[in-house]
Every structure is written in structure tokens, then in C-alpha cells.
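# Inside the fold
Letter by letter, the chains look like this.
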Amino acid sequence: MTATGIGILSTGSYVPKHEVSNEEVAARVGVTADWIERKTQIRSRRYAADHEATSDLAIRAAERALAQARLSPQQIDYIILSTSTGDFPQPPTSYLVQHGLGAYGAACLDINVVCSGFVYALSVAHALVSARPGTRALVIGADTYSRILDFTDRRTAVLFADGAGAAIVGAVPEPYGIIATDLASRGDAHHLIRVEAGGSRTPASAETVAGGGHYFKMDGRGVRDFVAEHVPPALRALAARAGVDIGAVDHFVPHQANGVMLTDVVDRAGLTAARTHRTLVRYGNVGSASVPLALDEANRTGALAPGDLVLLAGFGGGMSIGASLLTWGTP
């Protein structure tokens, strides 16, 4: 068939080998393993090894996506990496990924929209590939949150972990591909998720390190209220704009924020008929990697069939929301 749409050609993911149990985290933060599972539905997570940084995780996920698509790194035109835990303030981590892959024909950029970032990156890839037919984009979400967690803060330390997920975006035959995407930003809620030091407003110093300014901080109740108020209406609005009954969605692939929160989003959005893909039980909240990691698992286990309606949804710091509806199918 003639290629007429833009969609996902392949997926890949990677999680570090070091598995960290609830018992181990509980001992560090002063709660019980049962408390963690009851509050989050997480049972374990993965932490990067000492020699691994975000780019290393991203490269591994990208290699798997390339292998599935039977493409070489030289056949990639764009690399778009979503992360809020880059290897360095400069250079962009996507350039380190390019170097690690040998994809020197690709233009590279980082975006930082925290846990919505993969869907934002997918939207950028869609626009770039649409503007230059025949090109391909490698879209990656990767984070190493274990490096910025405060293990005296049970609100965050029990949730976050490390991982990477990737997808290759290119032309797909009708009727497959991305149907519609919506992105939303609410800077008035920027204070809910933050790392306070290390930027131009509060540069790194002995005082910021001693004061814990480089740790990840989150107002959990505020985030939960934001998600409950804004995410389900955004998902319903996207489906309506695409002319799709939200009850007809076959697969829901959300950001793996918190298991209890996900159940609430599914109920409020009217997605109870869809299969919700969850990886947080084994991998925790892996930030920008959450959506592509769950998508890759769904893809590789054969859960996704050609023609299935798939709804991707990210939500997180900023605050931000990104949702994309697509018809699953590859060339």
C-alpha cells in the first residue's frame, strides 16, 4: 500500500540490571514495604549502575528499536531525546546518544517536559517527518532519577527509578499512524515538581549541595489533584476532536506515575473498556521513559494488533500533559 501517514515503525526499551525491592527502599526511607505497595502499587524498580548515565540507557533502548525496524543508525535523520536528568548541563544528551550509535547523519535535540516528554517528542518527530517525507526520527525517553532522589523523602524516593524507551517514527501505510495529538502546558503549576538548584537562578554551590537543593522535590497531593482535574478531560477532548468514541480505544499506554492514580484516571476518562498497560509494578516511575517502555512491552508481547486504537498519555512537571491517539500498524 502507498504510505500516506506518519506512525511508529518500531519500539525498544532498556532497564538497568540492578533490581531494588520495596524492602530495600523501605529500610532507607523509614516506611514498610507493604506501605509502598499499598500507596503506589509498585513492588520493585531498577537503578542504574555506577558506570551508567542517561545516555547509556537511551543508547541501549535505541539499539533495540533500530534492530526491530532492521535499520542502521545511518538511516536515522533526527534524534529527539526527552529527559530531565541529562548526563550534563551541556552538551545535549542527544548528541552523546548520536555519538554512541554512530548516527552522524541525524540532527539532534533534547527536550525537557519531564514525564510528558515522550509524547511531546513524538509530536515534534511527526512534524519533522511530515515536513520532509521519507525521513525517519528516533524518539527516546530516558531518565535516571535514582541520582537525584532524597532518601529521607518518602513521597518521592519510593516512586522513581531509571530506564529508557524508544520508538522510530516514519511513513506508514493507510490507515495506520498518528491520528491526533494534544499538548498542554500549565506554568502556573510549575512549583508542584521541581529541582531547585543547579540552574542560572540558583547556581550550584557548597550551600545548595548541603541544603539538598539538587534533589527532586514534588508536592504529591498537588500533583494528584492536578492530574485528576486536568488529565481525564484532556483525553476525552482529544478523542472527540479525532472523531473517536473514547470507549472504542483498545489500548491505553499512560505515564506510570502511581498505580492508584492510574486507576483514577482510567475511571474518570471513561477508559475502562481499554486495556491499560502497566509496567510500574516492576519498574516504578521512570519519568520520560514510562510511556515508551510500556509501549515497547505491549508491542513485543504481541498485545498490539494492526488496526488497534492506542492512546498514549503523559503528564508531569511543568505542569504538562501530552496525549496522542494512533492506529497501530507498521509497514
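The notes below deal with the structure included here. Bear in mind that the values here come from a model prediction, so they are computed numbers and not experimental data.

In this section: the packing of aromatic side chains. Applying the stated rule across the entire model yields 4 aromatic pairs. Aromatic pair Y47 and F151: ring centres 6.3 Å apart, planes at 65°, arrangement edge-to-face. Linking Y47 in strand β3 (residues 44-47) with F151 in the loop between β6 (137-144) and α6 (154-157), this pair joins segments that are 104 residues apart in sequence. Each of the two residues, Y47 as well as F151, counts as buried. Aromatic pair F160 and F216: ring centres 4.7 Å apart, planes at 55°, arrangement tilted. A residue pair is termed long-range when its members are at least 10 positions apart, and F160 in the loop between α6 and β7 (162-173) and F216 in the loop between α7 (206-210) and β10 (217-218) qualify at 56 residues.

For helix α1 (residues 22-29), every residue scored as buried is listed here: N22, V25, A26 and V29. On an axial view of α1, the arc spanned by its buried residues comes to 100°, and they lie on one face. Structural note: α1 exposes E23 and A27 on the side pointing more than 90 degrees away from its buried face. Among the structural elements, β2 (18-21), α2 (33-40), β3 and α6 are those in contact with the buried residues of α1. The positive-phi residue at the C-terminal boundary of α1 is G30, with phi of around 85°.

Okay, the pairing of β7 next. Burial of β7 is extensive: 11 of the 12 residues sit out of reach of the surface. Here β6 pairs with β7 via 8 bridges, running antiparallel. In the sheet register, L138 faces β7, and the bridge partner there is I168.

Moving on, we come to the packing of helix α3 (residues 54-69) against helix α4 (residues 93-101). The axes of two packed helices give the description: the angle between them and the distance between them. One way to put it is that α3 packs onto α4 with a least axis distance of 9 Å and a crossing angle of 50°. One element, α3, and the other, α4, form an angle in the oblique class. Between α3 and α4 lies a crossing of right-handed hand. Between α3 and α4, the contacting residues are T54, S55, A58, I59, A62, E63 and L66 on the first element and T93, L96, V97, G100 and L101 on the second. Per-class residue counts for the contact of α3 with α4 are 7 nonpolar, 4 polar and 1 charged.

So, on to the packing of α1 against α2. Viewed as axis vectors pointing N to C, α1 and α2 meet at an angle of 105°, and their least axial separation amounts to 8 Å. Judged by the angle between their axes, α1 and α2 are roughly perpendicular. Contacts between α1 and α2 pair N22, E23, V25 and A26 from the former with A33, I36 and E37 from the latter. Counted by class, the contact of α1 with α2 contains 4 nonpolar, 1 polar and 2 charged residues.

Attention now moves to the sheet that holds strand β12 (residues 275-276). Remark on secondary structure: sheet strands pair via backbone hydrogen bonds, oriented parallel or antiparallel. Strand order in this open sheet of 5 strands is β8-β14-β13-β11-β12, and the pairing throughout is mixed. Where the open sheet ends on each side, the last strands, each with one partner, are β8 (177-185) and β12. In the sheet, strand β13 (residues 309-316) pairs with strand β14 (residues 320-327) via 8 bridges, with the strands oriented antiparallel. When the sheet's bridge partners are listed, L311 is paired in β14 with L325. Packing against the sheet, helix α9 (residues 259-269) makes contact with β11 (251-254), β12 and β13, and its axis sits at approximately 135° to β11.

Turning to the nonpolar core, a few remarks are in order. With 59 residues, the main nonpolar core has V223, V227, L235, F252, L271, L311 and F315 as its most contacted residues. Those elements giving two or more residues to this core turn out to be α1, α2, α8 (220-241), α9, α10 (280-283), β13 and β14. The element contributing the most residues to this core is α8, with 7 residues. In contact with F315, not counting residues within four places along its chain, are C115, S116, V227, V231, H255, A257, M261, L262, S320 and I321. Membership of the second largest hydrophobic core comes to 29 residues, among which are I6, I111, A137 and L326.

Most peptide bonds adopt trans geometry, and most residues besides glycine take a negative phi value. At the junction of Q90 and P91, the peptide bond is cis and its omega measures out at 0° in the coordinates. Tracing the sequence through the fold places P91 in the loop between β4 (78-82) and α4. Look at the link from E174 to P175: it is a cis peptide, with omega at 10°. Turning to its location among the elements, P175 is positioned in the loop between β7 and β8.

This part covers the environment of A26. Here A26 shows up in helix α1. For the pair A26 and R154, spaced 128 residues apart in sequence, the C-alpha separation works out to 8.5 Å.

Turning next to α2. In an α-helix, one turn spans 3.6 residues; hence positions three or four apart end up facing the same way. Every buried residue belonging to α2 is among A33, W35, I36 and T40, and all of these are buried. Summarising the axial view, the buried residues of α2 lie within an arc of 160°, below the 170-degree limit, and thus occupy one face. Across α2 from its buried face, at more than 90 degrees, point the exposed residues D34 and R38.

How each quantity is defined
Residues numbered from 1 in each chain as written. Predicted model: local features only at pLDDT ≥ 70, side-chain atom pairs only at ≥ 80, totals over all residues. Heavy atoms only, no water. Phe/Tyr/Trp six-rings, centres within 6.5 Å; stacked < 30°, edge-to-face > 60°. Helix = DSSP H or I, 4+ residues; strand = E, 2+ residues; numbered from the N terminus. Buried < 20%, exposed > 50% of the residue type's maximum accessible area, 1.4 Å probe, protein only. Arc of directions from axis to C-beta. Contact = heavy atoms within 4.5 Å. Pairing = 2+ DSSP bridges. Axes fitted to C-alpha atoms, helices over the stretch in contact; angles between N-to-C directions. Parallel < 35°, antiparallel > 145°, perpendicular 65-115°, else oblique. Left-handed = near helix turned anticlockwise from the far one by under 90°. Nonpolar A, V, L, I, M, F, W, Y, C, P; charged D, E, K, R; others polar. Core = buried A, V, L, I, M, F, W, Y, C linked by side-chain atoms within 4.5 Å.

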